[in-house]
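# Structural characterization, general
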Amino acid sequence: MPNLDLSVSCDTTNWGEEVAVVGSWNSWSKKHFTKLVTSPSQFPVWHASISLTDNMAKAPVEYKYVIVKSGAIARWEGNGTRCNRVANVLSENKILDVYGRIDGEPQEASHVSGATREWHGGTQGGPMNPNANGLGTLEKAIIEMNMTQKSWRQRLAFVRALFTDDEAAKKIGFNKHSIDALATISTYLSFLSNGQVKCEEDGGHHRPNHHALEAQKLEAALDSIVKHVMDNTSLRKSSQPESYIPYVIRKVYPQLPSYSSQFTTSVPLTRIRDIAHRNDIPHDFKQEIKRTLQNKLHRCAGPEDLQTSARLLERINNSDFSHDFKKEFAIFHAELCEFFNVSSLDSRLQYLIDSEHVRSIAHMSASLLTMRKEKRPAHEQFKMVTELRSGLSDLSIMKANGNKSQADLPSEHVQKVRLADVDLESYAFVLLAEIAADIEEHVENSMNWSYSLNALSNALLNIGLSSILPSEATAAAAELSAVSQIADGFKTEKLFLLRSKAASDRALRLTHSFSVAISDVYNRRARLLGRGLGVNEESISVFAEAEIRANVTFQASRIANALCKCVRRELNLPPWDPLYNGSASGRVVFAEKLGDVMNIEEDVLAICRQADGDEDIAACVRGVILGRSLPHLSHLGVRARQSGVVFVCAEDQEVFERVWNRRHLQEARMLVTSEEGLASLSPLSEPQEAHSHHGAENFAAVQVRVDFDGRDTKPIAISEATKGNSSSKCALIGELYKLAQGSNGLFYAANGMVVPHGVFQQQRRLHEEEYKRLVQSYQKGYEGKMGTDEAAQALRSLIEEKFELDVKWCKLIQEGIEGGDKVMVRSSANAEDLENMSGAGLYDSIANVAVMDTRALQKAVGEVWGSLWTKRAASSRDAYGVAHDKVSMAVVIQQMVRSELSFVAFSHDPVSKDGDAVYMEIAVGMGETLASGGMEGSPYRLKVERGSLEVETVSFGSVSVMLEADGERGLRERVVDYSKQRLTTEERFRTTLGRRIAQTVLRLEAQLQRAQDVEGAVTTSDGEAQLFVVQTRAQME
């Protein structure tokens, strides 16, 4: 049953009064209102969750808040007007309202329509307090400065100095490259420009040209920070918080005054002086203009002057003044709007048409201006807005500005183009809101796939143009555009729907990550800084939410969500993706990350938003509900199946949020099936012994032999590796190399060398006393439940710092590796790839190591040895009862295959338990994407019938980034454009590759006489795929 979750900010209740809501769900009954709840820590925000029937949720619901006292309605918000609130529950079931503010039809942002920005002057909620709880040094410095420096100019100068004066920044520990610091500055400037923090005269005499120069210097400093981020590949292509710095800085630009040449002259804004001396207006009115506006502007300009001018303009237009006077004052007011950067969008477009600096986009600007006047359909205007914004970003003056140093001040034309783009973004939001509403109306029946996919593609282009993950947004937009172009011919076919799903899922993931990041960035800062500055609590409570809901990403998420729902319905897909089926029960634990779930004495059902992919699952966990997708064949998936942990992943974020919000659950039972995913999650009526049907409680009873032969004390060829001298993993890799040579080109295997157990044991003997002491310390901590992390880390440090591969052995390895290029340095522990213990992903592998660099080779081998004592490896041995003193590490060093594609394939489908099909997952780039499962999104998934070799595409890839070899060592991320991937665009290539991988798996299964878990890589030569098998192990059932 769907819920409507309401939150409203209301601080107008009197003693004994409460906030309630009535609506269309109960026929507006005045007797059956629903009360909202609050608490001292949450006030003035009140909350309620309304349960709706499925039929109710299909149509928009209307509602209104009321104040109740003594069991009856005391008053209605809006004084009982007929204007009601409206919510579309299917697209948005979490609402944040402000009591008394009821929006009508969507309107353009005020600065787009040519009015002034929304003004909150006079609404300050209390005195300033630099000693408020939780304030950082930057917030305290701002508040203290704000108490002594009253004018807008002084405050702008303070902010500018933080970016240009190292001593000023150092004094308060300001880091201009910190997104937290930048968000604090952005929030503060927003409070100033909107009047939520009032500015006053400072007793000095500084004309507006001083303000303009401060803005120009500040923008130069901000531009250099944006350049730093855009030059940093890892930041530009990731979704870590710092990658949003350009967006946060973009929010600063409209809060600053113009530094157009007319405002940087020594005496700007002289028109008001002439107006104040006209002879066609009364003397008293001339004196009022001079006193309240002319003198104030020329002494100490501030955002409040724009409001004064607006009030005077309204009086003039509604009075019997001369036409010439009205015209002259209107011209002045437009100039003042330009100074405060609140000109209308039409004015911005007219500049783009007239300016010689932007001639290349004049025709597009003129077309959009005409479209606006003619009120052309939203989708036509939106397409033109997208093209115009793209053209603005390509202007030579903008590209040249991006290459300047901080010492070079930006030109006024750069500012004008930038602000035109900001206003176009706001207009795009308005247009996209109309488009999204149109698409949502057709979710249930007649979805126009081409129209919807193209709209979402253009929305993502706008997101990228707004400095929000531009590489990711552009790549996702390209795939959506490609799918939209084939929609009309293939809209009923499964492959089209699967491809649409992958592209829409990726878009939805991007919008969700933005919402989470911006909430995290702004929420706490707005609250702490706002309260310290005395900002009205109502304004604080909606600040971060407004940042998200007023952004194009919000409308894009509506379209992506509608497309995802349509696809799931057409394909009859559940909102959950089962990783391991079964039933489990236990105490319910909510955690942000799976790795945060601690081991306790009780059985646990873990409900988690995220998983890193390389963490171990606590032994107490019997079931996992994860709020993101995960490769089925990842190491985490393998460990879950091996441990008997019932595991399901969310495909629909809204559905997961409903589970996440069931915080009242204490003990519950979950049921996961291949047909429904999470079939049920129900509370237990009474405590009982709870475990999964393949519970992990018997790990210690499993007989795991970890013998090794330490007699080989120098590196050996991979073909000489045995289970005794190098453990199962190395032995199988050696066997693979031999099998590949006899496969007639079906698959290949990389050659290499092995550092056997004997070499590790030699190093251990040199430090035996210290090693044994630390192992005993770890064991005592484990048995006494006092913690083991410190001892495990000490053991790892001991190995990495004091165990060393002899130089002569490095030379032997270098001679044995053909070609002398980059290698993979991989683990082969004696507690890994065993019959009863997979150990998948527990130990480290180091990619892209220069084999001829002796020091680099020594370091990589030392790190792999040291991974014997990672937290996840040690805790896994604890769970299986493996004696820590008996474990050893061999190392395999192989030529690195530069994968274009990587795959993991199982002889039998581990999810559906289908023994008649080979199941595989494929990702672009190196195999760590699949193995670790640390990246969100789905890989390509194929099923191949064992007899006929018929290939079924189960899903298309949607993981945002691929991993490739970095220059020096290790791997780097690169954004994937699936519209250019043959595995997406060419069905024949996908089918041929799937069939060949299946043939390889079946051949290995037959030769090794057990179902296999195979990892491999794909390269292409002259368009033909070549398969490399890098590892195979027995498939854990």
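Residues numbered from 1 in each chain as written. Predicted model: local features only at pLDDT ≥ 70, side-chain atom pairs only at ≥ 80, totals over all residues. Heavy atoms only, no water.

Check the secondary structure of the protein and you find 38 helices and 28 strands. The C-alpha atoms of the protein give 32 Å as radius of gyration, which agrees with the globular expectation for 1037 residues (31 Å, within 12%). Here the C-alpha coordinates of the protein stretch approximately 105 × 65 × 60 Å along the principal axes. Relative to its 1037 residues, the protein shows a buried fraction of 58%. Of the contacts formed within the protein by residues at least 6 apart in sequence, a portion of 72% connects residues at least 24 apart. Taking the average place of the 119 positive charges on the side chains of the protein and the average place of its 136 negative ones, the gap between the two points comes to 3 Å. (Helix = DSSP H or I, 4+ residues; strand = E, 2+ residues; numbered from the N terminus. Rg over C-alpha atoms; globule rule 2.2 N^0.38 Å. Buried < 20%, exposed > 50% of the residue type's maximum accessible area, 1.4 Å probe, protein only. Contact = heavy atoms within 4.5 Å. Lys, Arg positive; Asp, Glu negative; His and termini not counted. Charge placed at Lys NZ, Arg CZ, Asp CG, Glu CD.)

Here helix α4 (residues 152-164) contains 13 residues, and its C-alpha end-to-end distance of 18 Å stays within 8% of the 18 Å for a straight helix at 1.5 Å per residue. With respect to burial, α4 is a largely interior element, 12 of its 13 residues being buried. As for α4, its buried residues are in contact with α3 (137-148), α5 (166-171), α6 (179-193), α7 (208-231), α13 (303-317) and α14 (323-339). (Expected span 1.5 Å × (residues − 1).)

The subject of this paragraph is the nonpolar core. Judged by nonpolar contacts, the single largest core of 205 residues is most densely connected at Phe 163, Trp 449, Ile 922 and Leu 993. Examining the composition of this core, we find that 17 residues originate from one element, helix α23 (residues 494-533), more than from any other. Setting aside residues up to four positions removed in sequence, Leu 993 forms contacts with Leu 901, Ile 922, Leu 983, Val 1018, Ala 1025 and Leu 1027. Core analysis: the second largest hydrophobic core is formed by 45 residues, Tyr 771, Ala 791, Leu 798 and Leu 842 among them. (Core = buried A, V, L, I, M, F, W, Y, C linked by side-chain atoms within 4.5 Å.)

Packing of helix α17 (residues 378-393) against helix α20 (residues 449-465) brings their axes to within 10 Å, and their N-to-C directions diverge by 30°. The angle between α17 and α20 falls in the class roughly parallel. Here α17 and α20 pass one another in a crossing that is left-handed. Contacts from His 379, Phe 382, Val 385, Thr 386, Arg 389, Ser 390 and Ser 393 of α17 reach α20 at Tyr 451, Ala 455, Asn 458, Ala 459, Leu 461, Asn 462 and Leu 465. (Axes fitted to C-alpha atoms, helices over the stretch in contact; angles between N-to-C directions. Parallel < 35°, antiparallel > 145°, perpendicular 65-115°, else oblique. Left-handed = near helix turned anticlockwise from the far one by under 90°.)

With that settled, consider the environment of Val 1001. Summarising the element assignment, Val 1001 is placed in helix α38 (residues 987-1008). Separated by 14 residues in the primary sequence, Val 1001 and Glu 1015 have C-alpha atoms spaced 9.7 Å apart. Residues contacting Val 1001, with those up to four places away along its chain left out, are Ala 905, Phe 906, Ser 907, Val 918 and Val 1014.

This brings us to the packing of aromatic side chains. By convention here, two paired aromatic rings are described through the distance between centres and the angle between planes. Summed over the entire model, instances satisfying the criterion amount to 25 aromatic pairs. One aromatic cluster is present, formed by Phe 285, Phe 321, Phe 325, Phe 329 and Phe 332 through successive ring pairs. Above the face of the Trp 660 ring, Arg 663 is positioned so that its terminal group lies 4.4 Å from the ring centre. When the ring centre of Trp 869 is taken as origin, the NZ or CZ atom of Arg 877, which lies over that ring, is 4.8 Å away. (Phe/Tyr/Trp six-rings, centres within 6.5 Å; stacked < 30°, edge-to-face > 60°. Lys NZ or Arg CZ within 6 Å of the ring centre and 35° of its normal.)

Turning next to the sheet that holds strand β1 (residues 3-9). Judged by pairing direction, the sheet is mixed, and its three strands sit side by side in the order β4-β1-β8 without closing on themselves. Strand pairing shows two members of the sheet lacking a second neighbour, β4 (45-51) and β8 (94-98), which therefore form its edges. Each strand axis lies, on average, 20° off the axis of its neighbour in the sheet, ignoring direction. Bridge count for β1 against β4 is seven bridges, and the pairing is antiparallel. Directly across from Leu 4, in β4, lies its bridge partner Ile 50. (Pairing = 2+ DSSP bridges.)

Taken as a whole, the protein is organised into domain 1 (3-98), domain 2 (137-340), domain 3 (443-571), domain 4 (576-683), domain 5 (716-824 + 836-889) and domain 6 (901-1034). With centres defined by C-alpha atoms, the gap from domain 1 to domain 5 works out at 61 Å. (Domains from an automatic or database assignment.)

The next subject is the pairing of strand β26 (residues 971-975). For a regular strand, side chains alternate in direction, first toward one face of the sheet and then toward the other. Pairing between strand β25 (residues 961-965) and β26: five bridges, direction antiparallel. When the bridges of β26 are listed, Val 961 appears paired with Val 975. Here β25 folds back onto β26, and the loop between the two strands holds five residues, one of which, Gly 970, carries a positive phi near 80°.

This part takes up the side chain of Thr 386. Looking at the element boundaries, Thr 386 is found in helix α17. According to the relative accessible area criterion, Thr 386 is buried, its value standing at 4%.

What follows concerns the sheet that holds strand β19 (residues 846-850). The sheet built from five strands is open, its strands ordered β16-β17-β20-β18-β19 with antiparallel pairing. The two strands at the open ends of the sheet, each matched to only one other strand, are β16 (716-717) and β19. Across two bridges, β16 lies against strand β17 (residues 752-755) in antiparallel orientation. Note on β17: the bridge partner recorded for Ile 716 is Val 754.

Attention now goes to helix α33 (residues 807-816). All buried positions along α33 are accounted for by Trp 809, Cys 810, Ile 813 and Gln 814. End-on view of α33: buried residues confined to an arc of 145°, all on one side of the axis. Facing away from the buried surface of α33 by more than 90 degrees, the exposed residues are Lys 808, Lys 811 and Glu 815. Looking at the buried side of α33, the elements it contacts are β17, α30 (757-766), α34 (854-866) and β20 (889-895). With a side-chain oxygen lying 2.9 Å from the backbone nitrogen of Lys 808, the N-terminal cap of α33 falls on Asp 806. (Arc of directions from axis to C-beta. Polar contact = N/O pair within 3.5 Å; in protein donor to acceptor, adjacent residues only side chain to side chain.)

This part covers the confidence of the model for the protein. In the predicted model, the protein carries a mean pLDDT of 87, and the fraction of residues at 70 or more is 92%. Of the regions scoring below 50 in pLDDT, residues 104-116 engages in 28 contacts with residues more than four places distant in sequence or in other chains. This model gives residues 687-702 a pLDDT under 50, and the stretch forms 40 contacts once residues within four places in sequence are excluded. (pLDDT = per-residue confidence, 0-100.)

So, about the environment of Gln 793. Relative to the helices and strands, Gln 793 resides in helix α32 (residues 789-802). Judged by relative accessible area, Gln 793 falls into the partly exposed class, the value being 45%. As a C-alpha pair, Gln 793 and Tyr 778 span 15 residues in sequence and 9.8 Å in three-dimensional space.

For Thr 308, the location among the structural elements is in helix α13. Since its relative accessible area comes to 14%, Thr 308 is described here as buried. Sequence separation between Thr 308 and Arg 826 is 518 residues, and the spatial gap between their C-alpha atoms is 71 Å. When neighbours within four sequence positions are excluded, Thr 308 is seen to be in contact with Thr 292 and Leu 293.

Let's shift gears to the pattern of salt bridges. One pass over the full model with this rule turns up 61 salt bridges. Ionic pairing is found between Arg 376 and Glu 380, a salt bridge with its closest N-O pair at 2.9 Å. We classify Arg 376 as partly exposed; its relative accessible area is 34%. The class of Glu 380 is partly exposed, set by a relative accessible area of 27%. A salt bridge links Lys 501 to Glu 651; the nearest nitrogen and oxygen atoms lie 2.6 Å apart. Here Lys 501, found in helix α23, pairs with Glu 651, found in the loop between β13 (646-650) and α28 (653-660); they are 150 residues apart in sequence, far enough to count as distant. A relative accessible area of 12% places Lys 501 in the buried class. Glu 651 sits in the buried class, given a relative accessible area of 18%. (Salt bridge = Lys/Arg side-chain N within 4 Å of Asp/Glu carboxyl O.)

Take the packing of helix α29 (residues 723-741) against α38 next. Direction vectors running N to C along α29 and α38 enclose 115°, while the axes themselves pass 12 Å from each other. As far as their axial angle goes, α38 and α29 are roughly perpendicular. Relative to α38, the crossing made by α29 is right-handed. Across the interface between the two elements, Leu 732, Glu 735, Leu 736 and Leu 739 from α29 touch Leu 1004, Gln 1007 and Leu 1008 from α38. Of the residues belonging to the contact of α29 with α38, the class tally is five nonpolar, one polar and one charged. (Nonpolar A, V, L, I, M, F, W, Y, C, P; charged D, E, K, R; others polar.)

Further remarks concern the pairing of strand β22 (residues 917-924). Counting buried positions over the eight residues of β22 gives eight, a clear majority of the element. The side-chain alternation of β22 yields two buried faces, one formed by Ala 917, Tyr 919, Glu 921 and Ala 923 and the other by Val 918, Met 920, Ile 922 and Val 924. Of the strand pairs in this sheet, β22 and strand β23 (residues 940-945) are connected by six bridges, and their pairing is antiparallel. Its bridge partner lying in β23, Tyr 919 is registered against Lys 943.

A few words on unusual backbone geometry. Notably, Asn 572 is not glycine yet its phi reads approximately 55°, a positive angle. The backbone of Asn 848 shows a phi angle near 60°, a positive value even though the residue is not glycine. By the secondary structure assignment, Asn 848 is in strand β19. The class of Asn 848 is buried, set by a relative accessible area of 0%.

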